[in-house]
Amino acid sequence: RMKYSQISSDVSIQFKVISENARDAQIIMDNELRVVYLNPAAGQLTGYRMSEIQRKSLREITSETDFEQIQAIAQRLKSTKDGRERFEYRLKGASGNFIWVESIFSTFAAKENSSDVLLFAETRNIEERKKQEEEIRQQMVVEEMLIRHSNQFINVDRSEIQSGIDIALGEFGRLLQA
């Protein structure tokens, strides 16, 4: 019969092997939201080495608003068994630049029979998706403006159409500059 400590050790080794080879970034934080582990994919995503980020608070690498929301998520998850929450936020990389990421947060016990809980963040870079969402949003604003102004051109003479086009083009130009 295997002893519990041997089983626990085997599980830890399996987690480490899986995590070290995962494509998604994995970040584990303590109760104070300080980084206690990050896998190689998280290092690639953020540019940090484990030695640079270990024990650093998430507050130092996110905006204050995002940090507060992650704190709230952690509190909710601590009171929920097997809960998960998805959140999109900006993470500050080692270069100082912010990147959009999406994390699925969950919790697990730090040690067997312990009330200490660790926060696990399975994290992906969504920078490209955010850029595409912004492009779509801008296209929808332009389409809405064109539809609004197109109604002005029904049953009107040519000089009124030209005036309406000039107004629409001016508004369109301001949208592009914004």
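Scroll up for the structure.
Residues numbered from 1 in each chain as written. Predicted model: local features only at pLDDT ≥ 70, side-chain atom pairs only at ≥ 80, totals over all residues. Heavy atoms only, no water.

Draft legend 1. Broad picture of the pairing of strand β3 (residues 85–92). Examined bridge by bridge, β3 and strand β4 (residues 98–109) share eight bridges and lie antiparallel to one another. Along β4, the bridge assignment pairs L91 with I99. Between β3 and β4, which follow one another and run antiparallel, lie five residues, and G96 among them has a positive phi close to 95 degrees. (Pairing = 2+ DSSP bridges. Helix = DSSP H or I, 4+ residues; strand = E, 2+ residues; numbered from the N terminus.)

Draft legend 2. Examining the packing of aromatic side chains more closely. Scanning all chains against the criterion turns up three aromatic pairs. One aromatic cluster in this structure is built from F87, Y89 and F105. Here the guanidinium or amino end of K130 rests over the ring plane of W100, the centre of that ring lying 4.4 Å away. (Phe/Tyr/Trp six-rings, centres within 6.5 Å; stacked < 30°, edge-to-face > 60°. Lys NZ or Arg CZ within 6 Å of the ring centre and 35° of its normal.)

Draft legend 3. Up close: the pattern of salt bridges. Applying the stated criterion across every chain, the model contains twelve salt bridges. When the shortest N-O distance is used, the salt bridge between R76 and E85 registers 2.7 Å. Given a relative accessible area of 40%, R76 falls into the partly exposed group. A salt bridge links E88 to R129; its shortest N-O distance comes to 2.1 Å. Highlighted residues: E88 in strand β3 and R129 in helix α5 (residues 127–150), separated in sequence by 41 residues. Relative accessible area serves as the criterion here: at 27%, E88 is assigned to the partly exposed category. (Salt bridge = Lys/Arg side-chain N within 4 Å of Asp/Glu carboxyl O. Buried < 20%, exposed > 50% of the residue type's maximum accessible area, 1.4 Å probe, protein only.)

Any functional reading would require information beyond the geometric quantities listed.
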